[in-house]
Amino acid sequence: RDYKVTGVQTCALPICLAGLVAYEIASQLFDEDGQPSKLILLDSVCPSAEALADFKRSGYQGLKEDHGEGLASQVFPYYLALLSYSPPRLNGSVTVVATETSVKAHGETLGWGDHIQGDLQVKGVPGDHASYIRDDAETTGQLIGSLFGE
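A quick note: this is a predicted structure, and the numbers were derived from the prediction, not measured.

Q: Whenever I open this one, the side chain of Asp 43 confuses me. Can you help?
A: Note on placement: Asp 43 falls in the loop between strand 2 (37-42) and helix 2 (49-67). There is a polar contact of 3.0 Å between the side chain of Asp 43 and the backbone nitrogen of Thr 99. Excluding residues within four positions of it along the chain, Asp 43 makes contact with Cys 16, Val 97, Ala 98, Thr 99, Ser 102, Leu 110, His 129 and Tyr 132.

Following this line, the structure appears as structure tokens:
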């Protein structure tokens with residue numbers, strides 16, 4: 001907060017939970033001066049009441065089934081923190097790079113539609129939360145590269 005942010009800024013490319021951190025930073029830094037922001041999120045799902053209720057039901061076991069034991073133990077504390085987080089409205093342009101499976105599970109905008117005051121675009125990529133940056137990395141990389149040209 002000691003530095004003045006001027007011009008259009010881009011916070012890119014936070015994946016999954018890191019997208020929520022980038023979203024919060026963008027909303028605080030850019031909305032403070034009325035500057036529009038551009039944010040690119042990679043398969044980051046907005047923490048909706050429904051998603052949080054599902055997490056409360058499935059807990060650690062659900063994370064373990066979705067992500068495997070190693071990753072589940074790393075991200076579990078962050079999911080607990082999400083139980084009390086409500087994303088603010090963001091004035092700016094947000095692009096969500098969303099996998100096919102995330103769109104099926106969480107809807108076309110991955111829950112961000114109610115929080116974006118500005119342009120919200122969703123760009124689809126094949127695969128699931130793990131495969132789009134592993135098995136489908138070339139396709140995903142080409143899409144991300146094109147977003148920086150916009």
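Q: Could you clarify how one ought to interpret helix 3 (residues 69-82) in this entry?
A: Because an α-helix packs 3.6 residues into every turn, residues spaced three or four apart end up facing the same way. Compared with an ideal rise of 1.5 Å per residue, which puts 14 residues at 20 Å, helix 3 spans 20 Å between its outermost C-alpha atoms and is within 8% of the ideal. Among the residues of helix 3, those classed as buried are Ala 72, Val 75, Tyr 79 and Leu 82.

Q: How do you make sense of helix 5 (residues 137-148) when you look at a structure like this?
A: The first and last C-alpha atoms of helix 5 sit 17 Å apart over 12 residues, in line with the 16 Å expected at 1.5 Å per residue. Along helix 5, the positions that sit buried rather than exposed are Thr 140, Leu 143, Ile 144 and Leu 147. Angularly, the buried residues of helix 5 cover 95° about the axis, an arc narrow enough to put them on a single face. The exposed set on the far side of helix 5, more than 90 degrees from its buried face, consists of Glu 138 and Gln 142.

Q: What exactly am I supposed to notice about the pairing of strand 3 (residues 90-99) here?
A: Note on strand geometry: in a regular strand, side chains alternate between the two faces of the sheet. Counted residue by residue, strand 3 has eight buried out of 10 residues, so it is predominantly covered. Bridge count for strand 3 against strand 4 (residues 116-117) is two bridges, and the pairing is parallel. Looking across to strand 4, one finds that Leu 90 is bridged to Ile 116. A crossover connection joins strand 3 to the parallel strand 4 through helix 4 (residues 100-106); in handedness this β-α-β unit is right-handed.

Q: I keep staring at the side chain of Thr 140 and nothing clicks. Help me out?
A: With respect to the helices and strands, Thr 140 occurs in helix 5. Those residues in contact with Thr 140 that lie beyond four places of it in its chain are Val 125 and Tyr 132.

Q: Teacher, can you tell me more about unusual backbone geometry here?
A: A negative phi holds for most residues other than glycine; trans holds for most peptide bonds. A positive phi is found at Asp 43, a non-glycine position, where the angle reads about 50°. Since its relative accessible area comes to 2%, Asp 43 is described here as buried. Residues other than glycine seldom take positive phi values, yet Leu 110 does so here, at roughly 55°. Relative to the helices and strands, Leu 110 resides in the loop between helix 4 and strand 4.

Conventions and cut-offs
- In this numbering scheme, every chain counts its residues from 1 along its sequence in written order.
- Local features in this predicted model are restricted to residues of pLDDT 70 or higher, and side-chain atom pairs are both shown and tallied only at a pLDDT of 80 or more, whereas totals for entire chains, interfaces and linings draw on every residue.
- Processing note: side-chain calculations cover all non-hydrogen atoms of the structure and skip hydrogens and water entirely.
- Put simply, DSSP marks the helices as runs of H or I at least four residues long and the strands as runs of E at least two long, and each gets a number from the N terminus on.
- Two N or O atoms form a polar contact when they lie within 3.5 Å of each other; inside protein one atom must be a possible hydrogen donor and the other a possible acceptor, and for residues adjacent in sequence the pair counts only when both atoms belong to side chains.
- Residue contacts are defined here by distance: any two heavy atoms, one from each residue, within 4.5 Å place the two residues in contact.
- Multiplying 1.5 Å by the residue count of a helix minus one yields the expected span of that helix.
- Each residue is assigned to one of three classes by its accessible area relative to the maximum for its type, calculated with a 1.4 Å probe on protein chains only: buried under 20%, partly exposed between the two thresholds, exposed over 50%.
- What the arc covers is the set of directions going from the helix axis to the C-beta atoms.
- Two strands are said to pair when DSSP picks up at least two bridges between them.
- Orienting the strands away from the viewer, one traces the path from the first strand over the helix to the second; a clockwise path indicates a right-handed crossover.

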